[in-house]
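In case you want the letters, here they are:
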Amino acid sequence: MSGLIKAIRGFSDVPPEEAWKYNYIEELAREHFQKYGYREVRLPVVEATELFARGIGTATDIVEKEMYTFLDRNGQSLTLRPEGTASAVRAYLEGGWKSWGGIAKIFYTGPMFRYERPQKGRYRQFYQMGLEAIGAGHPEVDGEVVALLHRLFLRLGVEDITILINSLGCPVCRPSYRSELVGFLQDLAEELCSNCRKRIEKNPLRILDCKVPTCRENLSDVPVMIDHLCGECSHHFERVRYCLDGLDVPYAIDPKIVRGLDYYNRTAFEAICGRLGSQNAVAAGGRYDGLAREIGGDVPGIGFAMGIERLRLVMEWKGLHIPLPEFYVASATENARLTAMTIADKLRSMGSRVETDLETRSLKAQLRSANRMNIRTVVIVGDDEIAKGTVICKDFSNNTQQEIPLDELFSKTAAVNRR
Ligand code: HAM
């Protein structure tokens, strides 16, 4: 016999006891996004490599070393998407979504792929739910997008997440800041880690979020972008904060947020949860007014993406429990088996989650199954009950049982499910 083939490193199965959590988060977020006028789109998982190289930036870690790139049978270079924003902007431009009028508000969900070193909260295939507002450069959009994210955390019941914001300036003010930063870093080069030293010329901004303790110490008084904003960027940042204050969104300014994708300008933000350790960003995003120009268009935009695995971890700590089936319908006799199936069928049509026996087992075995599945209410039906039009309801939580008319079971369930 040949050996068992296993999933590849960084790619994992999501078994039923986990998958429902992804669905739960996604369904709640979907409904929440729709309240703000966002509509769902489905984007390809594979794109031309050029889209990410130009969109995300060739000097980023993602493009330099984390993409799953391959040649198709025609020799075209393709890449498994490492994120969704570049595709969303491409789809906007290609599909002429400008014609919708106003801001194109869209969201998407699905797997992303990055060849990173796997660890807790970091995988090579992971799930993101992302949202983009394409078509407006106004700070009010930034304010609403960040507020929407904060309100979603409240709805998910995860209040202990901190939203950090920063401004990354624009092509007017960033070049002079960049040269000041490079000068500062060059003087400090000997003290920095080898990774940071390599980045001084290529991507100096990324050095600001280096996690190596000695680098952090050495960079305590590094010049930061928000002290070098031009008039327009400064005004934009002020307006964003004005909106967030007015909408009562708690946030902190973190001048060292720089983001790992090159397309950002002005507002950048991250939602972090300290308990997650080094991979602490649950969601992150920002404004990308220059991205469309890199891929053949010209339109401003802002958005964010949430990491579903990380959000799931945070929610688990909060005590997220799988919704159990509410009923187990058991048959006491062979004759009652079909009746049990029809009762289960009707309860399901009323919106309840119901288990029943499909393996012709004894009543005792069925009760054991219900107990093992932690189902509270078992509905038992036998020949006598069929004759009387009743069922026996056994409540495992207090070990009581009661015979009630079948109609009463349905009317009570309807009343509970209406609530
Ligand atoms: P990002 O910061 O690269 O931004 O990813 C967003 C979120 O995806 C992260 O905060 C994290 O929760 C999750 N994530 C990223 N990489 C991994 C990984 N390897 N394993 C597990 N989770 C991960 C973007 O992707 C931008 N497209 C966000 C955006 C949308 N900006 C504007 N619009």
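Reading guide: rules and limits
Residues numbered from 1 in each chain as written. Predicted model: local features only at pLDDT ≥ 70, side-chain atom pairs only at ≥ 80, totals over all residues. Heavy atoms only, no water. Near = heavy atom within 4 Å. Polar contact = N/O pair within 3.5 Å; in protein donor to acceptor, adjacent residues only side chain to side chain. Helix = DSSP H or I, 4+ residues; strand = E, 2+ residues; numbered from the N terminus. Nonpolar A, V, L, I, M, F, W, Y, C, P; charged D, E, K, R; others polar. Core = buried A, V, L, I, M, F, W, Y, C linked by side-chain atoms within 4.5 Å. Buried < 20%, exposed > 50% of the residue type's maximum accessible area, 1.4 Å probe, protein only. Patch = residues over 30% accessible without salt bridge, like charges linked within 9 Å, V, L, I, M, F, W, Y side chains within 5 Å. Areas by Shrake-Rupley, 256 points an atom, 1.4 Å probe, with all protein chains shown as cover. Salt bridge = Lys/Arg side-chain N within 4 Å of Asp/Glu carboxyl O. Axes fitted to C-alpha atoms, helices over the stretch in contact; angles between N-to-C directions. Left-handed = near helix turned anticlockwise from the far one by under 90°. Contact = heavy atoms within 4.5 Å. Pairing = 2+ DSSP bridges. Phe/Tyr/Trp six-rings, centres within 6.5 Å; stacked < 30°, edge-to-face > 60°. Domains from an automatic or database assignment.

## Some words on the site of the ligand
Lining the immediate environment of the ligand, one finds 26 residues, of which Glu83, Thr85, Glu116, Arg259 and Tyr264 sit closest. Between the ligand and the protein, one listed contact pairs a nitrogen atom with a side-chain N or O atom of Tyr263 at 3.0 Å. It is strand β10 (residues 281–287) that provides the largest number of residues to the shell around the ligand, a total of six residues. Counted by class, the shell around the ligand contains twelve nonpolar, seven polar and seven charged residues.

## Quick look at the nonpolar core
Core analysis: the largest hydrophobic core is formed by 102 residues, its most contacted members being Phe33, Ile134, Val145, Phe153, Ile161, Phe304 and Met306. In terms of residue count, the dominant contributor to this core is helix α5 (residues 139–156) (nine residues). Within the second largest apolar cluster, 16 residues are counted, among which are Phe327, Ala344, Val379 and Val391.

## Concerning a nonpolar patch on the surface
Together, Val45, Val46 and Phe70 make up an exposed nonpolar region whose accessible area comes to about 200 Å². Within the element layout of this structure, Val45 appears in the loop between β1 (39–40) and β2 (46–48). Judged by relative accessible area, Val45 falls into the partly exposed class, the value being 32%.

## Some words on the packing of helix α6 (residues 174–188) against helix α7 (residues 194–202)
The geometry of α6 relative to α7 is characterised by a closest axis approach of 9 Å and an angle of 145° between their N-to-C directions. Once α6 is placed against α7, the crossing between them reads as left-handed. Residues Arg178, Val182, Leu185 and Gln186 of α6 lie in contact with α7, whose contacting residues are Ile200, Glu201 and Lys202. Partitioning the contact of α6 with α7 into residue classes produces three nonpolar, one polar and three charged.

## Details of the sheet that holds β2
Taking strand neighbours across the sheet as the criterion, the three strands line up as β2-β4-β3 in an open arrangement whose pairing is antiparallel. Two strands in the sheet have a free side with no partner beyond their single neighbour: β2 and β3 (68–71). For this sheet, the mean inter-axis angle between neighbouring strands, taken without regard to orientation, is 35°. As paired strands, β2 and strand β4 (residues 77–80) are joined by three bridges and run antiparallel to one another. Looking at β4, one finds that Glu47 is bridged to Thr79. The sheet contacts of helix α2 (residues 49–56) involve β2, β3 and β4, and relative to β2 the element is tilted by about 75°.

## Considerations on the packing of aromatic side chains
This structure, assessed with the given rule, holds eleven aromatic pairs. A ring pair is formed by Trp20 and Tyr24, whose centres lie 6.2 Å apart and whose planes are at 65°; its orientation type is edge-to-face. One end of the pair, Trp20, and the other, Tyr24, are both in helix α1 (residues 16–35), four residues apart, so they sit about a helical turn from each other. Since its relative accessible area comes to 34%, Tyr24 is described here as partly exposed. Here Phe33 and Phe304 contribute two aromatic rings whose centre-to-centre distance is 6.1 Å and whose plane-to-plane angle is 75°, an arrangement assigned as edge-to-face. Of the two residues, Phe33 is situated in helix α1 and Phe304 in strand β11 (residues 301–307); the sequence distance between them amounts to 271 residues. Like Phe33, the residue Phe304 is buried in the burial classification. Chaining the aromatic ring pairs together yields one cluster made of Phe11, Tyr68, Phe113 and Tyr115.

## Brief notes about the pairing of strand β5 (residues 104–113)
Regular strands have side chains that alternate between both faces of the sheet. Most of β5 sits out of view: eight of its ten residues are buried. In the sheet, β1 pairs with β5 via two bridges, with the strands oriented parallel. Its bridge partner being in β5, Arg39 is matched across the sheet by Ile106. Pairing analysis gives ten bridges linking β5 to strand β6 (residues 125–134), with the strands arranged antiparallel. In the sheet register, Gly110 faces β6, and the bridge partner there is Gln128.

## As for the environment of Tyr251
Locating Tyr251 in the fold gives a position in the loop between α9 (231–246) and β8 (252–253). Taking the C-alpha atoms as reference, Tyr251 lies 9.4 Å from Val146; in sequence the two are 105 residues apart. In contact with Tyr251, not counting residues within four places along its chain, are Ile163, Ile165, Arg241, Leu244 and Asp245. Polar contacts involving the side chain of Tyr251 include one to the side chain of Asp245, which spans 3.1 Å.

## What to know about the domain arrangement of the protein
Looking at the assigned domains, one finds that the protein contains domain 1 (16–173 + 229–317) and domain 2 (327–417). In this structure, domain 1 and domain 2 have C-alpha centres spaced 47 Å apart.

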